[in-house]
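Overview (structure and organization)
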Amino acid sequence: MVGAMPDDSNPQAAPLSFAAGAAVAVLLPLPLAGAYDYRVPHRLSLVEGVFVQVPLGRRRVAGVVWGAAEGGLPAARLKEVEARLEAPPLPAVSRRFVEWVAAYTLAPPGAVLKMAMSVPEALAPARSRLGYRVAEAPPGLRLTPARRRVLDVLGAGPLTAAEAAREAGVGVAVVRGLAAAGALEAAPLAEAPDEAPPDWRRPGPALSPPQRAAADALCAAVGDGFSVTLLEGVTGSGKTEVYLEAVATALAAGRQVLVLLPEIALSGQWLERFAARFGVAPHEWHSDLPPARRRRTWRAVAEGRARVVVGARSALFLPFAELGLVVVDEEHEASFKQEEGVIYHARDMAVVRGRLGGHPVVLASATPSLETVANVQAGRYRRLHLPDRHAGAALPAVTTIDLRRDRPAPRTWLSPPLLAAVAEALERGEQSLLYLNRRGYAPLTLCRACGHRLQCPNCSAWLVEHRRRRRLQCHHCGHNVAVPPACPDCGAEDSLAACGPGVERLHEEVAARFPDARCAVMASDTVSGPAAAAEMVRRMAAHEIDVLIGTQIVAKGHHFPLLTLVGVVDADLGLEGGDLRAAERTWQLLSQVAGRAGRAERPGRVLLQTFDPDHPVMRALAAGDTERFLAEEAAARRAAAMPPFGRLAALIVSGPQAAAVEGAARALARTAPAGEGVRVLGPAPAPLALLRGRHRWRLLLKAARGTNVQALLRRWLAAAAVPAGVRVQVDVDPQSFL
């Protein structure tokens, strides 16, 4: 949870202009200490925010004019800006956002700017496209039926080779053969037309009275300055339809909208809902987009042509010219925290972006984070609540299965009550979901002869067996090897045993127990992108699957009308380890998984297999008592002065040499800040003491809620002497403690 918020000064103030001969500061998208000074050449005049090309050593680098030079050198001694790039300037609010994120996370401003300049190709005008048109046929040209179809298609106007081949129903080689023969000639193509904007005038679905009241409140906030609203509702209560009304209001006011989703690659059903509401799909922004589409989207955002963007956390840094609303869907999701490079939490930074831009932010969740709940209780955020499922559907009944009493058979993982429930669902022609948050076949492989465990050579992690691929893989660094025929330690053959279940092993058990059931696995390594996810959702909706076995990606907002049974195979899994948020995250994830059941007219059931049915998380889920669980969790955090009632910041010391890393960590501990309400824990080896070949130690700064931890960290790090090869990474408000 962020500390001090930015001020409300006007981000639309007129930018400074710089005439020829002036000295300007140019911020480069590099992890440098600050901006570099350059001279404006006689042929140019520049303003703040424009993109320019400048020399840096022997390289040519694109950057942003950040303001007047502050280095003190006479302009005559500075290198000249080489060119102004033909892209819209980076808006003032975006520049302030870059500065704020850099100051809060202690990252170099240029490293943050790099996220806003993530598509360098977008800084230049689009290259003209070339296609083919019909030329005068050369003498003796042999015309096959395929060639005739191509000539007929291109007679209506020029197309690319791929487009012409697709229209004519031939291979691209046919088109290129005609070009080589002289029957086609190159021709410029018009820029691809913009997609039609979302039609906010289209009527939305009929809303229930509670939904309409919440939608009206969100719509009233649009255009009324900065605010943050928690839109809380049980799973299936129609939160998406409610906040889409606010999206329509923002569009009607001529403003752009950003919707952040935690798993953009798995958002097929969300995109369908949006298209049904507004007639077109929104612009997407995520890592699976091809480069050309990323370029077009970046330019469309900067030029104001992209009216709605749905994206992953990095979409926050797109150069929105007229942003008027940000929605963070599933705001509790841990995947909104970026753990590499610039470490930030997209939910918190979305709130900062709203304050800087003077527009509302909506946080939507059925299981809001404790940080958000605390802000509601403190009066900083408003809360809108949807207590009922859409169309009168009932919440599923949740029951715990005590594995100490109802044990699965040897070498199996499903208890008799859960097996019976799956059998009953199959008999009724309904679907079941078995949830286990472990990819692969087995999380551990060991030798029965000597006890050797197969471990990643680059990480402090066991290798996970993926039996379908016959590989052992590390899920942290990606290292993978073939399953060896003998133990690599003692040489015993046929001695390696899989220990514990993954979703592949669970699939094997279900297929053996229910041979006539149609089963499928849904995990991040079996559903590799939007197309694969959409196909899996289609198969479920068409009832081509009877039993779906999945990891946490099945919990992300999917709606399956025939799914009536959810079985959680290992409900205790998320409670392992010493994570501060272990109970909260387990409650959130299991609540979301449970919410997949009974979302239509058929009632749903949820069975939780656990060795500790009296754990507060299990009791809360079985009783449906969200308020009590959050109150107990908040009381425990408050007593320990832990977030959101205290501040944390982590220092992660890493490097290739174990001794150097340990020495640097201990040296940092000797100069650690002290004072009332401030305590430094560690140093200690990180739980993942080796990650991607780097040894890791951690220190944790704990401070009172009102402490300026950034100031403490800056003084601490300024006094540290970090040896070459050792890196100190700062994580303000850590979410992961690995």
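Refer to the structure above for everything that follows.
The following refers to the structure shown.

Cut-offs used in this document
- Residues numbered from 1 in each chain as written.
- Predicted model: local features only at pLDDT ≥ 70, side-chain atom pairs only at ≥ 80, totals over all residues.
- Heavy atoms only, no water.
- Helix = DSSP H or I, 4+ residues; strand = E, 2+ residues; numbered from the N terminus.
- Contact = heavy atoms within 4.5 Å.
- Buried < 20%, exposed > 50% of the residue type's maximum accessible area, 1.4 Å probe, protein only.
- Pairing = 2+ DSSP bridges.
- Arc of directions from axis to C-beta.
- Polar contact = N/O pair within 3.5 Å; in protein donor to acceptor, adjacent residues only side chain to side chain.

Points about the environment of Cys 499
Summarising the element assignment, Cys 499 is placed in strand S25 (residues 496-499). Along the chain, Cys 499 and Leu 563 lie 64 residues apart, while their C-alpha atoms are 30 Å from each other. Residues in contact with Cys 499, not counting those within four places in the same chain, are Ala 442, Pro 443, Leu 444, Leu 446 and Arg 505.

Some words on the side chain of Gln 211
Mapped onto the secondary structure, Gln 211 falls in helix H6 (residues 209-221). Discounting chain neighbours no more than four positions away, the residues touching Gln 211 are Ala 206, Ser 237, Gly 238, Val 242, Leu 386 and His 390.

Quick notes on the pairing of strand S10 (residues 227-233)
Taken across its seven residues, S10 has six buried, putting it largely inside the fold. Strand direction decides the pairing type here: S10 and strand S17 (residues 360-365), joined by six bridges, are parallel. Bridging from a neighbouring strand, Ser 227 pairs with Pro 360 of S17. Pairing geometry for S10 and strand S18 (residues 382-386), over five bridges, is parallel. Opposite Thr 229, over in S18, you have Arg 382 as the bridge partner.

Things to note about unusual backbone geometry
Backbone torsion omega between Pro 643 and Pro 644 reads 10°, so that peptide bond is classified as cis. Positionally, Pro 644 belongs in the loop between helix H17 (626-640) and strand S30 (646-655). Residue Pro 683 follows Gly 682 across a cis peptide bond; omega there is 15°. Following the sequence through the fold, Pro 683 ends up in strand S31 (residues 678-691). A positive phi angle, close to 55°, is found at Arg 470, a residue other than glycine. Along the chain, Arg 470 turns up in the loop between strand S22 (464-466) and strand S23 (471-473). Here Arg 470 falls in the exposed class, since its relative accessible area comes to 65%. Phi at Asp 733 takes a positive value of approximately 60°, unusual for a residue other than glycine. The residue Asp 733 is located in the segment after strand S33 (727-732) in this model.

Examining helix H19 (residues 709-718)
For H19, the complete set of buried residues consists of Val 709, Gln 710, Leu 712, Leu 713 and Trp 716. Along the long axis of H19, the arc covered by the buried residues comes to 160°, so they all point the same way. Set apart from the buried face of H19 by more than 90 degrees, the exposed residues are Arg 715 and Ala 718. Looking at the packing, one finds that the buried side of H19 touches helix H1 (92-105), S30, helix H18 (658-670), S31, strand S32 (694-704) and S33. N-capping of H19 is provided by Asn 708, with a side-chain oxygen placed 3.2 Å from the backbone N of Gln 710.

Concerning the pairing of S30
The two faces of the sheet receive side chains in turn, since in a regular strand these alternate between them. Counting buried positions over the 10 residues of S30 gives 10, a clear majority of the element. On S30, burial covers both faces: Gly 646, Leu 648, Ala 650, Ile 652 and Ser 654 on one face and Arg 647, Ala 649, Leu 651, Val 653 and Gly 655 on the other are all buried. Sheet topology note: the S30/S32 ladder contains 10 bridges and is antiparallel. What sits directly across from Ile 652, in S32, is Arg 698. Sheet topology places S30 next to S33; six bridges connect them, and they run antiparallel. Considered in S33, the bridge of Ser 654 is made with Arg 727.

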